[in-house]
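Listed below are the residues making up each chain.
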Amino acid sequence: MAGPETPPPTADGLAAAASGAARRGPPPVHLWNPPFCGDLDMRIARDGTWFYLGTPIGRPALVKLFSSILKREGERYFLVTPVEKVGITVDDAPFVAVDFTAEGHGRGQCLTFETQVGDHATAGPEHPIRVALDPATGEPAPYVLIRRDLEALIDRKSFYRLVDLGRDEAVDGVAQFGVWSGGRFFPIAPAADLA
């Protein structure tokens, strides 16, 4: 927590610090380990909307700036600068993959995802795709790793397009339905479950 002489962290203070770091390229948040200064009333909803003090942040440039200083440690998310770290709430994943492009076919296919803040990641060994199933409903929730422990939930329209590109492949002797990207096969579901 902030000490008696240190004012509590604010979104404006974090934005100013992030802006200075961003001028020199992507902030190296993985190298920063400042002291924890408390939690900030900031939340990222499942649909990718960022809220501050319960109100949506309406400036895309500010959301992009905050997303550039986002860091995950264990199951918690933080906004970090070289001198402070504040906790925020993330309902599901911090990003939403709102679109993707497909180049090539079959094993040579590359799928490049774009997030709601303009980040891009090509699925492959460094940026795997995974699909979690809701235990109650069985509904799939697909994700792609964007950067250092930060995933994007793949939106519904993009997931449907992804399924259209799917094919069956044997994985450890079991037929799986999934997609190829970056030289790697990513299972979506057992092929038998789709028959």
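It should be noted that the structure appears before, not after, this text.
Let me sum up the structure you'll find in this document. None of the values given here were measured: they were computed from a predicted structure. Every residue gets a number counted from 1 within its own chain, in the order that chain's sequence is written. Totals for whole chains, interfaces and linings use every residue, but because this is a predicted model, local features are given only for residues with pLDDT of at least 70 and side-chain atom pairs only at 80 or more, for both listing and counting. To get the side-chain values, all heavy atoms of the structure are used, and hydrogens and water are removed first.

Once that is clear, we can look at the sheet that holds strand β15 (residues 184–190). Whether parallel or antiparallel, the strands of a sheet pair through hydrogen bonds between backbone atoms. Pairing between strands is defined by DSSP: at least two bridges between them are needed. Here a helix means four or more residues in a row that DSSP labels H or I, a strand means two or more in a row labelled E, and each is numbered from the N terminus. Ordered by their spatial adjacency, three strands build an open sheet running β13-β14-β15, and the pairing between neighbours is antiparallel. Each having just a single partner strand, β13 (167–171) and β15 make up the two edges of the open sheet. Strand-to-strand twist in this sheet, taken as the mean axis angle between neighbours without regard to direction, amounts to 55 degrees. Sheet topology note: the β13/strand β14 (residues 174–181) ladder contains five bridges and is antiparallel. Bridging from a neighbouring strand, Ala 170 pairs with Ala 175 of β14. Fitting a line to C-alpha atoms yields each axis, with helices limited to the stretch in contact; the angle taken between N-to-C directions then spans 0 to 180 degrees.

Below, the discussion takes up helix α3 (residues 156–164). For each residue, the accessible area found with a 1.4 Å probe, counting protein chains only, is set against the maximum for its type, and the residue is called buried under 20%, exposed over 50%, and partly exposed in between. Those residues of α3 that sit buried are Ser 158, Phe 159 and Leu 162. Projection of α3 onto a plane perpendicular to its axis shows the buried side chains occupying an angular sector of 100 degrees, all on one side. Those residues of α3 that are exposed and angled more than 90 degrees off the buried face are Arg 156 and Asp 164. Any two residues whose heavy atoms approach within 4.5 Å at even a single point are treated as in contact. Buried residues belonging to α3 abut β7 (95–103), β8 (110–115), β11 (140–147), β12 (150–154), β14 and β15. What the arc describes is the spread of directions from the helix axis to the C-beta atoms.

A word on the pattern of salt bridges. The salt bridge definition used is simple: a Lys or Arg side-chain nitrogen within 4 Å of an Asp or Glu carboxyl oxygen. Across all of its chains, the model carries 13 salt bridges by this definition. A salt bridge links Lys 157 to Asp 155; the nearest nitrogen and oxygen atoms lie 2.7 Å apart. Judged by its relative accessible area of 18%, Asp 155 falls in the buried class. Taken together, the salt bridges that share partners define one network made up of Lys 71, Glu 73 and Lys 85.

What follows covers the sheet that holds strand β10 (residues 129–133). If you walk across this open sheet you meet the six strands as β9-β8-β7-β12-β11-β10, and the pairing is mixed. Each edge of the open sheet is held by one strand with a lone partner, namely β9 (120–122) and β10. Each adjacent strand pair in this sheet contributes to an overall mean axis angle of 40 degrees, direction not counted. In this sheet, β9 lies alongside β8 in antiparallel orientation, the contact comprising three bridges. Opposite Phe 113, over in β9, you have Ala 121 as the bridge partner.

Residues grouped as a nonpolar core are buried Ala, Val, Leu, Ile, Met, Phe, Trp, Tyr and Cys residues, joined through side-chain atoms within 4.5 Å. In terms of nonpolar packing, the biggest core is built from 42 residues, with Trp 50, Leu 79, Ile 88, Phe 113, Ile 129 and Val 144 touching the most fellow members. Apart from residues no more than four positions distant in its own chain, Phe 113 is found in contact with Ala 97, Asp 99, Phe 100, Asp 119, His 120, Ala 121, Ala 123, Ile 129, Val 144, Ile 154 and Leu 162.

Here Asp 155 is to be found in the loop between β12 and α3. Each polar contact in these results corresponds to two N or O atoms within 3.5 Å; when the atoms are within protein, one needs to be able to donate a hydrogen and the other to accept it, and residues that are neighboring in sequence are counted only if both atoms are side-chain atoms. Reaching out from Asp 155, the side chain makes a polar contact with the side chain of Lys 157 at a distance of 2.7 Å. Looking at Asp 155, its side chain comes within polar contact range of the side chain of Ser 158, at 2.6 Å. Dropping the residues within four chain positions of it, Asp 155 is found in contact with Val 96, Ala 97 and Val 98.

Take the packing of aromatic side chains next. A pair of Phe, Tyr and Trp rings is counted when the ring centres sit within 6.5 Å of each other, with Trp represented by its six-membered ring. The angle between the planes then sorts it: under 30 degrees is stacked, over 60 is edge-to-face, the rest tilted. Going through the model one piece at a time under the given rule, you end up with four aromatic pairs. A ring pair is formed by Trp 50 and Phe 66, whose centres lie 6.3 Å apart and whose planes are at 15 degrees; its orientation type is stacked. Pair noted here: Trp 50 is in strand β2 (residues 50–52) and Phe 66 is in helix α2 (residues 60–67), with a separation of 16 residues, a long-range link. A single burial state applies to Trp 50 and to Phe 66, both of which are buried. Ring geometry for Phe 100 and Phe 113: centres 5.3 Å apart, planes at 40 degrees, overall tilted. Of this pair, Phe 100 sits in strand β7 while Phe 113 sits in strand β8, and the two are 13 residues apart along the sequence. Owing to a relative accessible area of 3%, Phe 100 belongs among the buried residues under this scheme.

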